[in-house]
Amino acid sequence: MATEELVTEQFQFLGIEVSKEVLTKCVSLCTEYNVDAESFIEQWMAFSLTTLNGASPTLENLELLAKREFSKRSASRSNALVNEVTHSSTGASLTVYGAPATIPSENEVLSNYMSTTPKRIKTEKIEQGKSHNNELHPATYSPNVDNSGKYTSRTNQGSVVHSYGDEKLLSAITSPTGVNDLLELNISQVPNDDGDVYTKAMFGFELLHEKASTFDNHIRYLSQCIMKKNGFTESSSVRHKTQTEVFVAGRIECDADARLNSKSVVLQGTWEDSLSQAVSVDLDGAKQYSLFPGQVVVMRGVNPRGNKFIAQEVFHDASRPVSDPKADMMNALKGTMSMVVATGPYTNSNNMAYEPLKDLITYIGTHKPHVVIMIGPFMDSEHAKIKDHSMAETYKSFFDKLIDSIAEISAVSPFTKIYIVSSSKDAFNVNIYPTPAYSSRRKHPNIHFLPDPSTLNINGIIVGLTSTDVLMHISQEEISLGMGGDKLARLAGHVCAQQSYCPLWPAPLAADAALWAAHAQLPAAPHVLLLPSNFRYFVKEVNGCVVINPERLAKGVGGGTFARLLITPDMNPPGGVAAQIVRI
């Protein structure tokens, strides 16, 4: 906003002395035509040199400037929509909606130097009292950026649809974090067994023998964990002919072009025991099993002819024991920690207005949680407004706007730490799994980017994070018999049992085998495991781990849900964790 001090400063920089009346008139014109002081003085100097032979600013000259320059522009845009910028670099007019009038785009700046055709620029005044930062939608070639009527007309916002945990903790979960509740949190990303964390890596350069070695090491390690957990001492080749019961170890594969079924199960052994050979499996004698491609198992049974293993029992649990969060007393949690978890998409399917994200930011600013975990996608490549190529700015530039908007939380809640997990579904990100972390043009001290998947250590509390819908992927490939119980708990249990965020192989998305083996495995048994999915929201305790599916923040044209948690050091997880699923 222009003031007399700013206008005076600009004139003094050019060595021009002006009267009080002229200063007042300049500020009035800046306000009327929505021009900042610097741009106004530049416009005046250009007008004075080309029209008035460099005359000094007077009230008459300023009136002439307004009449010849600003009034023409105002008349030409009187029927334009809010935030419309029309520009032409090739002689044809192209309308862009949602771009700021005072900030030329990168392409526009470059074209000033590259094009000999004069540009016709139309700007329009931003509505009084409406901040441009609040307009959280991209510049577009289409004026249709209407809000979702179904979302704005919803009546169930803020309602709790599911609760889990101690009643005393649940009664306190709605209270905002106060000054007396501040914690000194030590949050770090847990490295893999080699001490590495996923930052940047090359992918798509796999050699076949290296890929085979990677899988063989994975099968051998997990099978040894399963045998050790069950007290087995040795295993045989999957092709070994025997009529006495033996144990064989390997990875489940499908001997068919269709989905896995009980008649198409193949077990691939390790190089050490079986020279990586495979054998068909007869499951008719097994009383219960739950299998999917890529799963590492140990089977008990016989192989009379060497070409078919007749399984009697299947073992697949290689899970690690859950650690004591108070093992490191110097780093243990000193008070009750609040957490908010949300999963994309963050805008409705019929627009790019990001209303659910705005409401989430408002909630976070009001309740001031210690930790916020936001899981992608932020700009789903399957969104209709992205697939129709109507955006007039790059995906990355708009993502930077989203991050800047999220970073404003620090103004009302400076102690809130925000962790953003990447997604391979984002239009601006790399479509590879594991997915590298996002980056932004500005560094915000309260925002931290994490790859997918990743594991956090929050003062001894291990939190597993992923944006991949592994529950849905396993459900589509799994076959089971005699398992009973809760299917969703069983699907989530496979993640811990196989020590992997994505135990399926072939992976349901573009995956790099070397990166998968290095960075898609669980480096430690989590106390809290976040598995966002299109399945219905839930919070369940699975083998000592609290598994949470917050579902999606936006569902179609309506509102979705997010999760809020309280974790107390008074009781070890899962007893010390309370969670609720809340409608946005």
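Residues numbered from 1 in each chain as written. Predicted model: local features only at pLDDT ≥ 70, side-chain atom pairs only at ≥ 80, totals over all residues. Heavy atoms only, no water.

Novice: I would appreciate a short explanation of the overall build of the protein chain in the present structure.
Specialist: A count of helical and extended segments in the protein chain gives 15 helices and 24 strands. Excluding contacts between residues fewer than 6 apart, the proportion of contacts in the protein chain whose partners are at least 24 apart in sequence is 70%. With the model as given, the accessible surface of the protein chain reaches about 27300 Å², and the carbon-plus-sulfur share is 51%. (Helix = DSSP H or I, 4+ residues; strand = E, 2+ residues; numbered from the N terminus. Contact = heavy atoms within 4.5 Å. Areas by Shrake-Rupley, 256 points an atom, 1.4 Å probe, with all protein chains shown as cover.)

Novice: Looking at this structure, how should I read the packing of helix α13 (residues 470-477) against helix α14 (residues 487-497)?
Specialist: At a closest axis distance of 10 Å, the pairing of α13 and α14 adopts a crossing angle of 105°. By the angle between their directions, the pair α13 and α14 is classed as roughly perpendicular. From α13, Val470, Leu471, Ile474 and Ser475 reach across to α14, where they touch Lys487, Leu491, Ala492, His494 and Val495. A class-by-class count of the residues in the contact of α13 with α14 yields six nonpolar, two polar and one charged. (Axes fitted to C-alpha atoms, helices over the stretch in contact; angles between N-to-C directions. Parallel < 35°, antiparallel > 145°, perpendicular 65-115°, else oblique. Nonpolar A, V, L, I, M, F, W, Y, C, P; charged D, E, K, R; others polar.)

Novice: Can you walk me through unusual backbone geometry in this structure?
Specialist: Residues other than glycine predominantly adopt negative phi, and peptide bonds predominantly adopt the trans conformation. In this structure, proline 377 follows glycine 376 across a cis peptide bond, with omega equal to 15°. Within the secondary structure layout, proline 377 lies in the loop between β12 (371-375) and α11 (384-387). Cis peptide bonds are those with omega within 30 degrees of zero, and the linkage from aspartate 452 to proline 453 qualifies with -5°. Examined against the element boundaries, proline 453 turns out to sit in the loop between β14 (447-450) and β15 (454-458). In this structure, asparagine 34 is a non-glycine residue whose phi angle is positive, near 55°. Mapped onto the elements, asparagine 34 comes out in the loop between α2 (20-33) and α3 (37-51).

Novice: Got a minute to help me understand the sheet that holds strand β11 (residues 337-343) in this structure?
Specialist: Across a sheet, strands are paired by hydrogen bonds formed along the backbone, either parallel or antiparallel in direction. Spatial strand order, β3-β24-β23-β11-β12-β13-β14: seven strands in an open sheet with mixed pairing. Where the open sheet ends on each side, the last strands, each with one partner, are β3 (160-164) and β14. Taking each pair of neighbouring strands and ignoring which way they run, the sheet shows an average axis angle of 20°. Direction of pairing for β3 relative to strand β24 (residues 577-583): antiparallel, over a ladder of four bridges. What sits directly across from tyrosine 164, in β24, is alanine 579. Relative to β14, helix α12 (residues 395-407) is tilted by about 135°, and along the sheet it contacts β12, β13 (417-421) and β14. (Pairing = 2+ DSSP bridges.)

Novice: How should the packing of aromatic side chains be read in this particular structure?
Specialist: How two aromatic rings sit relative to each other is given by the distance of their centres and the angle of their planes. Here the structure, examined in full by the defined rule, presents 16 aromatic pairs. Judged by centre distance (6.4 Å) and plane angle (45°), the ring pair of tryptophan 44 and phenylalanine 47 falls under tilted. Taken together, the residues span about one helical turn, with tryptophan 44 and phenylalanine 47 both in helix α3 at a distance of three residues. Comparing tryptophan 44 with phenylalanine 47 shows no difference in burial state: the two are buried. By the ring-pair criterion, three or more aromatic residues cluster together here, those being Tyr346, Phe378, Phe399, Phe428, Tyr438 and Phe449. The ring of tyrosine 151 has arginine 154 lying over it, and the distance from NZ or CZ to the ring centre is 3.8 Å. Just above the ring of phenylalanine 215 sits the side chain of arginine 251; from NZ or CZ to the centre is 4.7 Å. (Phe/Tyr/Trp six-rings, centres within 6.5 Å; stacked < 30°, edge-to-face > 60°. Buried < 20%, exposed > 50% of the residue type's maximum accessible area, 1.4 Å probe, protein only. Lys NZ or Arg CZ within 6 Å of the ring centre and 35° of its normal.)

Novice: Got a minute to help me understand α14 in this structure?
Specialist: Burial within α14 is extensive, with 10 of its 11 residues counted as buried. Restricting attention to buried positions, one finds in α14 the residues Leu488, Ala489, Arg490, Leu491, Ala492, Gly493, His494, Val495, Cys496 and Ala497. Of the surrounding secondary structure, the elements contacted by the buried residues of α14 are β8 (289-291), α13, β17 (479-481), β18 (528-530), β19 (538-542) and β20 (545-549). Among the residues of α14, the N-terminal cap falls to aspartate 486, whose side-chain oxygen and the backbone nitrogen of leucine 488 are separated by 3.0 Å. In the segment just after α14, glutamine 499 is the residue with positive phi, at about 55°. (Polar contact = N/O pair within 3.5 Å; in protein donor to acceptor, adjacent residues only side chain to side chain.)

Novice: For this particular structure, what's the right way to read the environment of arginine 259?
Specialist: Within the secondary structure layout, arginine 259 lies in the loop between β5 (242-254) and β6 (265-268). Judged by relative accessible area, arginine 259 falls into the partly exposed class, the value being 43%. Along the sequence, arginine 259 and proline 293 sit 34 residues apart, while their C-alpha atoms lie 9.3 Å from each other. Beyond its immediate sequence surroundings of up to four residues, arginine 259 is in contact with Cys254, Ser264, Ser475, Gln476, Glu477 and Glu478. At 2.4 Å, the side chain of arginine 259 forms a polar contact with the backbone oxygen of glutamine 476. Polar side-chain contacts of arginine 259 include one of 3.5 Å to the backbone oxygen of glutamate 478.

Novice: Explain the sheet that holds β15 here, please?
Specialist: Pairing in this open sheet of six strands is mixed, and the strands run β4-β15-β16-β18-β20-β19 from one edge to the other. Only two strands of the sheet have a single neighbouring strand rather than two, namely β4 (187-189) and β19. When the angles between neighbouring strand axes are averaged without regard to direction, this sheet yields 20°. Pairing of β15 with strand β16 (residues 461-465), which is carried by five bridges, proceeds in the antiparallel orientation.

Novice: Honestly, the nonpolar core in this entry has me stumped. Any pointers?
Specialist: Proteins that are soluble and globular tend to have nonpolar side chains buried together. In this structure, Leu360, Met374, Met379 and Ile406 are the most contacted members of the largest nonpolar core, which totals 34 residues. Those elements that provide at least two residues to this core are β11, α10 (355-367), β12, α12 and β13. Examining the composition of this core, we find that six residues originate from one element, α12, more than from any other. Discounting residues that sit within four places of it in the chain, methionine 374 has contacts with Ala342, Tyr346, Leu357, Leu360, Ile406, Ile418, Tyr419, Ile420 and Val421. Among the nonpolar cores identified, the runner-up in size contains 30 residues, and Leu185, Leu333, Val341 and Ile567 belong to it. (Core = buried A, V, L, I, M, F, W, Y, C linked by side-chain atoms within 4.5 Å.)

Novice: Honestly, the pattern of salt bridges in this entry has me stumped. Any pointers?
Specialist: Once their charged atoms are close, side chains differing in charge can pair, the charge on each being opposite to the other. In total, this model carries 18 salt bridges according to the counting rule given. Where aspartate 486 meets lysine 540, a salt bridge forms, and the shortest distance between an N and an O atom there is 2.6 Å. Here aspartate 486 is found in the loop between β17 and α14, whereas its partner lysine 540 is found in strand β19, with 54 residues between them in sequence. Residue aspartate 486 is classed as partly exposed on the basis of its relative accessible area of 36%. We note a salt bridge from lysine 555 to glutamate 551, for which the minimum N-O separation is 2.6 Å. Judged by relative accessible area, glutamate 551 falls into the buried class, the value being 5%. One network of salt bridges, in which partners are shared, links Glu245, Arg300 and Glu313. (Salt bridge = Lys/Arg side-chain N within 4 Å of Asp/Glu carboxyl O.)

Novice: What am I meant to see in the pairing of β20 here?
Specialist: In summary, the side chains of a regular strand alternate between the two faces of the sheet. The element β20 is extensively covered by neighbouring structure, given that five of its five residues are classed as buried. The alternating pattern of β20 places Cys545, Val547 and Asn549 on one face and Val546 and Ile548 on the opposite face, and all of these are buried. As judged from the three bridges shared by β18 and β20, these two strands associate in the parallel manner. Each residue of the ladder has a partner; that of valine 528, found in β20, is valine 546.

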